[in-house]
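Remarks on the overall topology
Residues per chain, in single letters:
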Amino acid sequence: MITDVEIPEPLAPLPGATVNTNQGLLQWISSVDHKQIGIMYLLMTLFYLLVGGLLALLMRVQLMVPTNTFLAPDSYNQLFTMHGTTMIFFVLTPAILGLAVYMVPLQIGANEMAFPRLNAFSFWISFFGGFLLYFSFLAGGAPDAGWFSYAPLNQTQYSASPGIDYYCIGLLLSGIGTVGTAANLVVTIITLRTPSMHYRYLPVFVWMVLIDAFLILAAFPSLNAALVMLLVDRQLDGHFFNTDAGGSALLWQHLFWLFGHPEVYIVVLPPFGVLSEVFQVYSRKPIFGYPFVVGSGIAISLLAFGVWVHHMFATGMGNTVNSFFAVSSMLIGIPTGVKVFNWLGTMYGGSIRFTTGMLFATAFLVEFTIGGLSGISFAIVPIDWQLTDTYYVVAHLHYVFLGGSLFGLFAGFFYWVPKISGRLYSETLGKWFFWLFVIGFNLTFFVQHILGIIGMPRRVYTYPNLAGYSSLNLISSLGAFLMGVSMLLFLYLLYDTLKRGKRAGDNPWDGYTFEWLASSPPQLKNFTLLPPVYSFRPLHDLNHPKIGDYQKPDEEKYGTKDVD
Amino acid sequence: MEQKTLIKLVVGSEAIFFLALLMAFVYFTYVPVLNPRVASSLDLNRTSLFTVMLLSSSVTFWRAEVSFRRGRTKQLRLWLLCTVVLGVVFLVGQGSEYSSLLSRQLTVSKGTFTTSFFTLTGFHGLHVLIGIVVLSIVLYLTFLGDLDDPDSALLPSVGIYWHFVDVVWAVVFVIVYVLPHFLTGHTP
Amino acid sequence: MEKLSILPSVLSPASAQADRIVSLTSYFIVAAAIVLAIVIGSLVYVVIRFRAKPGDKEPAQFTGNKVIEGFMIGVPTLLVVVFMYLTLDTMADVLPPEEDTRPDVVITGHRYWWEAAYPGTEAIVANEIHLPVGRRLLLHINAADVIHDWWVPALGAKMDAIPGRTNHLWVTITKPGVYDGACSEFCGTQHAWMRIKVVAQSEADFRQWVARKEKAANPVLSASAQAGAAFFSRQPCGSCHRIRGTAANGAVGPDLTHFASRKTMLAGLMENNPDNLRQWLTDPQHVKPGALMPRFSYPKDSINVLVAYLSALK
Ligand code: HEA
Ligand code: HEA
Ligand code: CUA
Ligand SMILES: [Cu+2]
């Protein structure tokens, strides 16, 4: 029944196919291979995670006790700006791009991205964008107006150091790279799937990447336009956002959040996809409600463009405007809930293997729901009027960024590291890392909800010794150090895996999708032959012909059968 | 197929970029009432002329594509050349508009109208320039004989971009030049 | 609504508006707790019940169920509809439009201090702002430079102060007391020390207070304070600070007419006492780095007489 089919390739012959992979650094720099570029993206992510985390630890030292003088106010302001900017643009964004660039061709049964050179170009331009951003430290001061750099604080008369110029150019470059990779991913998914892989058979991760890429294409131009205008203001003495000369402070906010809100879903949808794979494979069951999981992803991405004003509820735009955006923001909870419950449904009735990856996925369900619920509390406008710009927001954003995106990415890391490195990690180390990280995370950020509620604004370099402030901040700082320790353990784990890890074999988890058919690590040419696809678990069909989905009618493959 | 899809995606993304710049322009010059300086500062007549040039370059490009599909390399070169020349003429026109504005001290930093005007039209001009460079390269390639395969996606891909640049200008022209004149009752 | 919280917080309201928000918040807390309990509860059940046991074969491969999906969509939708209604209702109550009412207070955020003017009176004060209890007040919120944000948790909603526009807030204070607040939009180096103190007092006390603030500074001055006054008027202080009744008429820094009647100085940074004042005048950039007051390097004596003068401005 199962026959082999030809693998689609990009139009141009595979560049680099004749290059020997053992030529060291030069070979990496000149590589156009999607796997090497994916790995470089992930290494960049890890590097910036450590740097951004280090900045956070410095901040937490300063905030450990009231009226601390460890850092000067301006240094603190640069730190949180760089921390937020780094984490969003140079950790989460390249992480999802890196995973997508590595895994999408493998999962759809292709040998390359549609445009391998564009792929390399996009990576390197993002890479240098990050470089430039950090160069600002040497060039007279890092940006210091927060990751969303509100006008008119971002104007030269209020922020004279060149930091914000570096911010503009750094983000513009990495933004161009991100758009390039997104377009590349869309074309790859549309044109290079193995011929029998209909859209209804796409792995959920690929679906989420596809949706995500469209989100990027639509959201980043708005940021790029805002940055260009800001550069015109700062370099050519323009007046877009210069309120002293007729410019508008709110125009910046609209343009920024028109990008900024979709961006938070941009960095969470691919992790949702990763989790969908992880839940299936470790529960030994197909995903529950495939069409609903995919459909809710589409719903989220559409709603994402209609909620940006929820970051501006306290700007005095009037109740009519606010009501509209309150409603759209609350609505996003519905498709997100659909995902959460479908993942629970995937675990239900399974035979769950609690590897480190699965532990992260399980913890994700709790942490992300907490973060999502605090998000809904902001959508309830009067609550936002009280809590916006306090530590409650800081708590929300870390619960969704770490508890959501980063936990998803860690789940993906442990799930795929045997594929990428060809070696198994030590579950003991993995579990130590997991528990330290999760405990540290909750210590650090849970108390920040309370800090916000008792009146602590965000972005303060220090605070008066009011009731509750010092003990809660101390707990938060200790939690942060625990996370720091766990990250050191993670580095050791990585080293241990690469140096001492046992050979993983091609399919250590008995996975469901095509990347597990390739060798571990995959060769330069991923596949020579592939079986045809009859369901969204083609490899499961191949390896478990008795219980495979291929023999079932569609409504059974998707759980859309009418129930009597 | 792959190239064309890519260009369509990029162009769609660019469209949103221009929309943002356009929104800024509209916000600063139309809200709460149309700034009367807009109509009186800009030269509708001259720009109409150059607009016609740019739009007709879309027609010449379309002829180039037809010639290409029919394998008529000579015609192809001619039409491409026309397209490039029309694009250059448009840029020269834009340059003359800029220099007359600057000579009246209407610089980027004069006010929100000039800031948003120069940014919007400047970025459009940059896109025209990029288009001209790419078209010149294509023209050069026809001499190298690299464009003999009538199924090549190169020309249609460049075409998507070039038509897009023209459409953007049409919208910009209407909003920046034409409407203010009608709304303020300025006779060109 | 009684106090929900042991610490002063958004859950211990002292205004009608804050009270409305607390009711809404408490409904939300209940709903969120239920949702979270459902998620965690089912997760714990699934984790215990379905963890892999040795010898497990592949479990049944079922893929979904339309009825369950219906519940997944339906129940949250109901929840959203309920909270939509509550939200719109509360919004209309807490922050209706201003409709040409004359504001009771006009508040202006400056880098890094607050100014409050009371229209219809001459009173202008900084950082420590008095308001009457029991009356529905209209606050106008403006900014002089960048965006700031007015927030006093016990009094309810916060509101951005945005250059180029005037925002408003309604406040009906229900309990006399001193309420802490802070600027809640990042506004630069000293955003952390741009705190607010609101003193809510009875209508009669409030009127008295305004009447005092309306008067020009007219203290009885000791000899050294007189020297300080003379020094002050010779120096550029008056280009940034106002002292009503003197030539000093600046608006860049806080009004100093009744400086000595403030409990704290520099927007909550420190207690207002001669020592701290001396430190501040000696080296402002050391005391509050980034504050927009330059260092003048005056001799000790001059500083001492300045301190004597400013401390007399009750
Ligand atoms: C991955 C990133 C991510 C994600 C997924 C979200 C998810 C959500 N966010 Fe969040 N958000 C951020 C990242 C993210 N956010 C960041 C970074 C900021 C701060 C930016 C800054 O100021 O620096 C922010 C700030 C922010 C604000 C502005 C706060 C302020 O500054 O005043 C608001 C306001 O509405 C908001 C709302 C929401 C909502 C409604 C969701 C929803 O999508 C959540 C949906 C999920 C659930 C609800 C849980 C699961 C659902 C169920 C179990 C079903 C049943 C539940 C119900 C129907 C209630 N977010
Ligand atoms: C992916 C997103 C992400 C991640 C992972 C984190 C991680 C952390 N964040 Fe942050 N954070 C943001 C996104 C993120 N953050 C954003 C967007 C903002 C808003 C910024 C703004 O307001 O503009 C913010 C703001 C923010 C604040 C508020 C600042 C303020 O308002 O004044 C705080 C305060 O506690 C904080 C703390 C932390 C801590 C303790 C961690 C910890 O998880 C970090 C743990 C530590 C590590 C992961 C690194 C460990 C490294 C080592 C052990 C050293 C390694 C050695 C070498 C490099 C040689 N973050
Ligand atoms: Cu003013 Cu922050
Ligand atoms: Cu948002």
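Our subject in this report is the structure included herewith. Quantities reported herein were computed from a predicted structural model and do not represent experimental measurements. (Residues numbered from 1 in each chain as written. Chains lettered and ligands numbered in written order. Predicted model: local features only at pLDDT ≥ 70, side-chain atom pairs only at ≥ 80, totals over all residues. Heavy atoms only, no water.)

**Considerations on the interface of chain A and chain B**
On the side of chain B, 25 residues touch chain A, which itself brings 35 residues to the contact. For the pair chain A and chain B, the summed buried surface comes to about 2300 Å²; carbon and sulfur atoms form 81% of the total. Inspection of the chain A/chain B interface yields zero salt bridges. Applying the counting rule to chain A against chain B returns three residue pairs in polar contact (both at pLDDT 80 or more). At the level of elements, α5 (163-191), α6 (204-236) and α7 (249-266) of chain A are the ones that each hand at least two residues to the side of chain A that touches chain B. Tallying contributions element by element places α6 of chain A first for the side of chain A that touches chain B, with eleven residues. (Contact = heavy atoms within 4.5 Å. Buried area = accessible area lost by both parts, 1.4 Å probe. Salt bridge = Lys/Arg side-chain N within 4 Å of Asp/Glu carboxyl O. Polar contact = N/O pair within 3.5 Å; in protein donor to acceptor, adjacent residues only side chain to side chain. Helix = DSSP H or I, 4+ residues; strand = E, 2+ residues; numbered from the N terminus.)

**Quick look at the pattern of salt bridges**
All told, the structure shown has 18 salt bridges over all chains when counted by the stated rule. The partner of aspartate 496 of chain A in a salt bridge is arginine 500 of chain A, with the nearest N and O atoms 3.0 Å apart. Here aspartate 496 of chain A and its partner arginine 500 of chain A are both found in helix α15 (residues 469-500), four residues apart, which amounts to about one turn of the helix. Among the ionic pairs, aspartate 104 of chain C bridges to arginine 135 of chain C, the shortest N-O distance being 3.3 Å. Taken together, the positions of aspartate 104 of chain C in the loop between α2 (66-94) and β1 (105-110) and arginine 135 of chain C in the loop between β4 (128-132) and β5 (136-143) put the pair 31 residues apart, joining distant regions of the chain. Of the residues examined, arginine 135 of chain C reaches a relative accessible area of 28% and is grouped as partly exposed. (Buried < 20%, exposed > 50% of the residue type's maximum accessible area, 1.4 Å probe, protein only.)

**Brief notes about the site of ligand 2**
Residue and element names in this part refer to chain A. Arg60, Tyr76, His83, His398 and Arg459 are the nearest of the 32 residues found near ligand 2. In this structure, tyrosine 76 approaches ligand 2 through a side-chain N or O atom, which is 2.6 Å from an oxygen atom. One of the side-chain nitrogen or oxygen atoms of histidine 398 is found 2.7 Å away from a nitrogen atom of ligand 2. At the level of elements, α2 (34-63), α3 (73-107), α13 (391-421), α14 (427-453) and α15 are the ones that each hand at least two residues to the shell around ligand 2. The element contributing the most residues to the shell around ligand 2 is α3, with seven residues. Looking at the shell around ligand 2 residue by residue, the classes come out as 21 nonpolar, eight polar and three charged. (Near = heavy atom within 4 Å. Nonpolar A, V, L, I, M, F, W, Y, C, P; charged D, E, K, R; others polar.)

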